[in-house]
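Structure at a glance
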Amino acid sequence: MLNLISEPWIPVIRRTGRDTIRPDQIAEPDVLRLDWPRPDLNLACLELLIGMVYLSHPPKDRTGRASPPDSASLRPALGTLAPAFNLLGSGPRFLQDFEPLQGDASPPEMLFIDSAGGNTAKKNADLMVRRGRYEALSLPLAAMALYTLQAFAPSGGAGNRTSMRGGGPMVTLVKPSTDGLWPLVWANVPTGEPLGADEFDALPWMRPTQASKPVGKRAPITVPTSESRSRPDPEVFFGQPRRLRLIASDGSVTGVVQQPWGTNYRGWMHPLTPYYNDGTEMLPRHPKPGRFGYRNWRGVILESEADQRPATLLRYLHDFEGARCSLIVAGWAMDNMKPLDFLWSEQPVFPLSEDHEDRAAAAVEAAEQAGYAVAASVRDAVGGDDVKSGAGQRAREAFFGSTQDAFEDMLEAMSAGGPFAPCEWVEAMRRAALPIFDREVMPWLADLGEARRQKAVKARSTLIAAFSGRRPMGKKIFDPLGLEAPAKQARER
């Protein structure tokens, strides 16, 4: 049957090798990391463990945060949750519809976000990710896949709701400097009070399903009872947008019955996700394909007026003022219901003053303009229609990769009390930009016609001028940094 609290089911790496543990054993000091066969399962399992600890033994305040419980204390605390965490059986089932569902069962691979949908398979369009990868799932793997789908659910056809953060949300986890699984989990548990045994109906599978089939033009919505990001509603870690029931045979899950119109979440603020203001409401951020670097830091790692950084990061910086940490940024990049990429990145977090936060954000804005200048110059040199494809886009990506270390060095110096040096940042960007232009353009210069060669020479001159503040692109680089273009343009050295 598998009880997710009292039985060992979570694969981990200990210092001595692989093992399978109960949730309370994550606090044992030699447990290093999770060991699921897929990165999205590892990410979702971290969220699940954070949620379990939040329900059973959260820190009450800043003082409690500094004194994490050990495994011996965690076991009885988690044990109170056991009646609510059965995967199968005749009673309530973890993250499944309150009542048995009628209908044909789909293969269990439907629980994985990157599996081919029914229509894709019908059209034989599943070329990159073939159908039939998972004919049956072990109970632990099924439990983890079920949680992953409910937590990250993309749009899935008529009536199949997305997760409370939309399809493929960005997940951000504070990673403290101390190694091990438990420090990582504990650093991200919100403050709160344990869930009482008479409060299990706060979990969506412990009460009748809140279906959301539209009545007229309106679909019922579910809003949080608590609007606090520091003490969120318990359901925030256990959203149940999909109506599912697992079918098991001989100790394995062999099918999944699904019905539409699961819970329709609105207005939830997840503590592990950054949000942005679209002009009318706060919406969760979602990963984009490709590398996550400093150009993506505003509103995630760095402050932004229109955005809200993840509550878990803000709380950690408050509770451990001056402590060093990094931020894991992960999640599925989606195009509607189509998975494009899975992101897993670890970014440094620098303790900055409010003024330095503003300066760092300005440096990112200047780099955005500089990256566009690089892409536009390459496009003009080689010929092309836009800066978002081909050589221009390739040059832009290379520019951000080449300036990542310089940006981090600048923030490191600022966090140590040093001044913001905008001219040095402009020079660092210039040193990165010109070699990128030359790599993209110069090897082909001899093969170009005279008119195109002249355009390439002019494009390089325009790029040099941009880093001297000359209009139009240079002004856009200089303005965020508070720099004025020199009265007399200096020649390239």
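This report concerns the structure included in the present document.

Rules used in this analysis
Residues numbered from 1 in each chain as written. Predicted model: local features only at pLDDT ≥ 70, side-chain atom pairs only at ≥ 80, totals over all residues. Heavy atoms only, no water. Pairing = 2+ DSSP bridges. Helix = DSSP H or I, 4+ residues; strand = E, 2+ residues; numbered from the N terminus. Axes fitted to C-alpha atoms, helices over the stretch in contact; angles between N-to-C directions. Parallel < 35°, antiparallel > 145°, perpendicular 65-115°, else oblique. Left-handed = near helix turned anticlockwise from the far one by under 90°. Contact = heavy atoms within 4.5 Å. Nonpolar A, V, L, I, M, F, W, Y, C, P; charged D, E, K, R; others polar. Buried < 20%, exposed > 50% of the residue type's maximum accessible area, 1.4 Å probe, protein only. Polar contact = N/O pair within 3.5 Å; in protein donor to acceptor, adjacent residues only side chain to side chain.

Read across the sheet, 3 strands follow the order 4-7-6 without closing on themselves; strand pairing throughout is antiparallel. The strands lining the two open edges of the sheet, one partner per strand, are strand 4 (137-138) and strand 6 (243-249).

Inspection of the secondary structure puts alanine 158 in the loop between helix 5 (139-152) and strand 5 (171-176). Residues alanine 158 and proline 260, 102 residues apart in the sequence, show an inter-C-alpha distance of 7.3 Å.

The next point concerns the packing of helix 8 (residues 354-382) against helix 11 (residues 450-466). The description of two packed helices rests on the angle between their axes and on the distance between the axes. At a minimum axis separation of 7 Å, helix 8 and helix 11 run at an interaxial angle of 165 degrees. One way to sum up the angle between helix 8 and helix 11 is to call them roughly antiparallel. Seen along the crossing, helix 8 lies across helix 11 with a hand that is right-handed. Between helix 8 and helix 11, the contacting residues are Ala373, Val374, Ser377, Asp380, Ala381 and Val382 on the first element and Arg452, Lys455, Ala456, Ala459 and Leu463 on the second. In the contact of helix 8 with helix 11, the residues fall into 7 nonpolar, 1 polar and 3 charged.

It is worth spelling out the side chain of threonine 263 at this point. Considering the arrangement of structural elements, one finds threonine 263 in the loop between strand 7 (252-259) and strand 8 (275-277). Judged by its relative accessible area of 3%, threonine 263 is buried. Engagement of the side chain of threonine 263 in a polar contact is seen with the backbone oxygen of glutamine 240, the distance being 3.4 Å. Once you skip the residues sitting within four places of it in the chain, threonine 263 turns out to touch Arg161, Gln210, Ser212, Thr222, Gln240 and Pro241.

With antiparallel pairing, the 3 strands of this open sheet are ordered in space as 2-1-3. The open sheet has two edge strands with one neighbour each: strand 2 (17-21) and strand 3 (31-34). Here the average twist between neighbouring strands, direction ignored, is 40 degrees. The sheet contact formed by strand 1 (residues 10-14) and strand 3 spans 3 bridges and is antiparallel. Within strand 3, the residue paired with isoleucine 13 across the bridge is arginine 33. Packing against the sheet, helix 1 (residues 39-56) makes contact with strand 1 and strand 3, and its axis sits at approximately 120 degrees to strand 3.

The values reported here are purely geometric and, on their own, carry no functional implication.
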